[in-house]
Structures are given as C-alpha cells and as structure tokens.
Amino acid sequence: SALRLGDEEDELIQSGRHSLEPAERTGSKRIFLFSKRALANNAPEPPNCILDPAPGPLPMPTQSDMPPPPPSPSDVVETPLRNALELYVRQLMLDVAKGRVYADGADLRLAACRKCLSEMVAIAHALRAAVSNLSDHRAGAVRQRTQFNSDFLDAASFYMNLLQKFELRIGDGYVDDTNAFRGGNESLRSVPLHPSLVAAARSSGRIMETLLDSVPLDREKAWANKCQIAHERLSASAEDLEAAFGLAVGTSSGWSEEAQEDLAAEDTIKMLISEVEDVGNRIRILQSEKNDLLASNQTEATRIVSTAVKNESKEGRTESAFSSLEEMAKSSSSMLMTMESDDNILSQLSQRVADAKTAAMKRMKSRLRHISVAQSEIAQLTSSVSVLQHALTQLKTDIGHLEHVVELPSSYQAFLAEIQRRRAYCNAFKSIFDAAVERLNLMRADEIKLREAFLRGPGKHLMPAFYEIFVPTLATSPAAVQRQ
C-alpha cells in the first residue's frame, strides 16, 4: 500500500517532535521538490554526513590554556605550603574546564543528532510522498490496462466469431459437424432470391439468382482483409504493451518488497530517535550534573586553601587541608574518566546517526531515480494505452460493417415478411377504401334526389337573390368521390 504523508506529521515536526507514524489523512501542507539534475544518471553521490562536533575525542584544555593565577598581594609571602596548595586549586580548575568541554560537547552532539534526525525524517516524508505519487500512477495505469484488456478480449472474441460467420456466408458451402450455428450457418449462395426479385434484376440488366449475387463480394472481401490486418497489428501491439507493463509496473510482490525496505529504513530512524532521546539525553544530563560537581569541588578547594593559608602555623589544619584536596582531586579525576567514557558513547551514537543519514541520502537518490524512471515509463505506457483504445474503437466500427453480410439471411427473411405485410396492408386498405367510396357514392345519389325534389318543389318559388347572393351553391350537385 502507498505510504502517506499527513498533516499530523507536519505538526509534529513544527513542534520539535519527530514521528514516522502514518497520519489519518493525506497530507497537503508540505510540497517536496526534486531536482532533475540530482536524479540524472551521471549525478554525483551525496556527500557523507559529518556532524559537528565530529565523532571522536573532544579537544581538551591543558595547564598552558588556563589563565595565570592573580598576583599575590605584596604583604603575602609565598611559601612551599602555599605553592603546593595552589597546585591543587589549579588542577581542579583544569578539571572544571575539561568538565565544561564534556558538558558543552554533550549539548552540541545531542543538538547535532536531533537536527540530523529531523532531516532524516524529512527525507522519509519526501520518499513517502514520492512513493504515494508512484502508487497513484501505478493504480491508474493498471485500471486503464485492465479496462483495455477487457475491451480487447471482448472485441477479439466478437471479431473471430464474426469473421468465421462471414467466411461461411460468402463460401460455396461447408460441413459443420458440431452444428454450432444451427439455422444461422447457411451460405448466401444457398439462399435463392424470390422469382419476382430475379425478374426485377433482369429487367434492369443484371442477373441475380441467389442472395450472394446481391453482395459486392470483392469490396467486402477487401474490407474483411483490411480488418484482419488491423486486428493482427492491434494484437501484436497489445502483446508488446502487456510486456512493457510487466517491466514498468512490476508485480505486487515487487511493490511489497519496496514497501518493506522503506518501512525498515523508517524503523531504523525510529530506533535512532528513541536512542538519542533516551541515551543521548541521559548522558547530557549526567555530564551537566558532573560538571556542576566539578565546579563545586573547585569552589570548595579554593575555600579550603584560603583557610589553610590563614592557619598555616597550625600543623593539624594543614594536613587536613591536604587530605581534603587530595580526595577532591581523586574524585574529580574519577568523574572526568566517567565523563570521557560517556562522551565516547555519545560520539559513537552521533557517528551512527551520521552514517545512517549518509545511507538515507544515498538510498533516497537511488529510490527517487527509480521512481522517476518508473513514472516516466508509466506515463508513456498510459499514452500508448489511449492510442490503442482509440484504435480498438475504430476497429470495432470497421468490423461492424461485416455484420451486414453475416446478418443478411435473417434480414432477407425479414425483408420478404415486410413485403408481404405491406402487400396485405395495401390490399386491406384498397378493400376498405373501395367499400367507403361505394358507400359515399350511394349517399351522393340520395343527396342528388333530395336536392332535385327541393328545387322542383319549394325551391322554384324562391327569389333570384337566394340563388345568387344568399346561397350560391343552392342549385349545385354534391361533390363526387373519384378513385385515382
């Protein structure tokens, strides 16, 4: 299934959190733009990711990097005891500087890892968007191919059946052991024309005795041959298209393998995010706490030295100061060793993050190149399917012309039945018309007698105005009905 980029993932990135969990809706906030030059065959490989600070030991300060001690007051006399105590203080100051380097280094390493992982999340999101787009292309192409294949198979079955019948119609005869077509398998040559049709053809100077004689045979055969060639070409193109689809679209197993690889890469990012937020953040907190302890030791050592100098004449107080400073020195040295060990762990973690990003960038380039090529091929195949679909539509129209020949016997029988029906209609119409004319003529004869009786009786006393002005047709006979 297609990987999806959702709004929820954008919100997580904007809030500083990282997640690769699928969202419930298709994302619409982020648009990823990919350079064609970066996807070209001769494009250079992405550079290796190097974090700052670089993995490895951090540069540590030395005594020469420490600021010189402030000058002693003029009334203070330097003694071996004072110098020995100052050495402890300067060593503890150096330990504090080293601890600050480790603490700051932990902050920088953790921040670099987080930024690198956020970029890796963006890379994974971009790949999801590209895979989703490719999945849409694939699904559309598969639907279009499936529809074309269905239409082509239906058309091929119809055409083969029609062509077989066409050959039987125009042939001299055949033997059908299976009797597949039953009553519809006769040759046109075996269907004689009605004698009246034969006579009509002879009167026009042509000889037509069978149904085949009414067919322009040469033209129909040429048309059938043209359809046969077009069908063969379309079949070859359909086979080539199917093979090209197999290479460009691939199989569902191949899609599943690619999706599993993408999910495995995302799981690696999830694991690194979890490790950085767990181990890395824990080490950063520990380094900060230890650095605070080193600073506290250095402050305490300064106080002890100041007290010891004031009580320099008291031997017990001096030995106690040396003992306390020695314990602090050992404690600081031990803490620095643990801080160095933790920094090595954080350094290795940052190296793994950097290596993972390098691998992700290289894989991203390879996957996007593959997706770009696949989408280009699918677009070309989709265009080819559209062309073949138009060709198939035209072939259906052309093949449909042969159906006239195949259906000619049944059409001829319907023609004869139609002629008989029309003759029956004409006879019935003539009979009814003749009876109606006879009835109208009888009515007219009765009307003439009645008008003559009126004109010879009361009508003879009417004034001329009645005949000339009031009713000019008063002395005329009723209209007559004539046959044509």
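Keep in mind it's a predicted model, so treat the numbers as computed, not measured. (Residues numbered from 1 in each chain as written. Predicted model: local features only at pLDDT ≥ 70, side-chain atom pairs only at ≥ 80, totals over all residues. Heavy atoms only, no water.)

A. Highlighting the overall build of the chain. When helices and strands are counted, the chain shows nine helices and zero strands. In the chain, the order of α-helices and β-strands from amino to carboxyl end is α-α-α-α-α-α-α-α-α. Within the chain, buried positions represent 34% of all 484 residues. The long-range share in the chain, meaning contacts at least 24 apart out of those at least 6 apart in sequence, stands at 80%. Taken as a whole, the chain presents about 29500 Å² of accessible surface, with 56% of it coming from carbon and sulfur. (Helix = DSSP H or I, 4+ residues; strand = E, 2+ residues; numbered from the N terminus. Buried < 20%, exposed > 50% of the residue type's maximum accessible area, 1.4 Å probe, protein only. Contact = heavy atoms within 4.5 Å. Areas by Shrake-Rupley, 256 points an atom, 1.4 Å probe, with all protein chains shown as cover.)

B. Layout of helix α8 (residues 408-456). Over its 49 residues, α8 extends 70 Å from the first C-alpha to the last, a length consistent with the 72 Å expected when each residue adds 1.5 Å. When α8 is considered as a whole, its buried residues turn out to be Pro 409, Tyr 412 and Val 437. (Expected span 1.5 Å × (residues − 1).)

C. The arrangement of the packing of aromatic side chains in detail. Scanning all chains against the criterion turns up five aromatic pairs. Plain terms: the ring middles of Phe 466 and Phe 470 are 5.0 Å apart, the flat faces sit at 75° to each other, and that makes the pair edge-to-face. Residue Phe 466 and its partner Phe 470 are located together in helix α9 (residues 464-470), separated by four residues, close to a single helical turn. What makes Phe 466 partly exposed here is its relative accessible area of 36%. You can call Phe 470 exposed: its relative accessible area is 53%. Three or more aromatic residues joined by ring pairs form one cluster here, namely Tyr 425, Phe 429 and Phe 433. (Phe/Tyr/Trp six-rings, centres within 6.5 Å; stacked < 30°, edge-to-face > 60°.)

D. Geometry of the pattern of salt bridges. Going through the model one piece at a time under the given rule, you end up with 20 salt bridges. Between Asp 104 and Arg 100 there is a salt bridge, and its shortest N-O distance comes to 3.1 Å. With Asp 104 and Arg 100 both in helix α2 (residues 80-170), this residue pair falls four residues apart, about one helical turn. Look at Asp 104 and you get partly exposed, because its relative accessible area is 33%. Arg 100 sits in the partly exposed class, given a relative accessible area of 38%. (Salt bridge = Lys/Arg side-chain N within 4 Å of Asp/Glu carboxyl O.)

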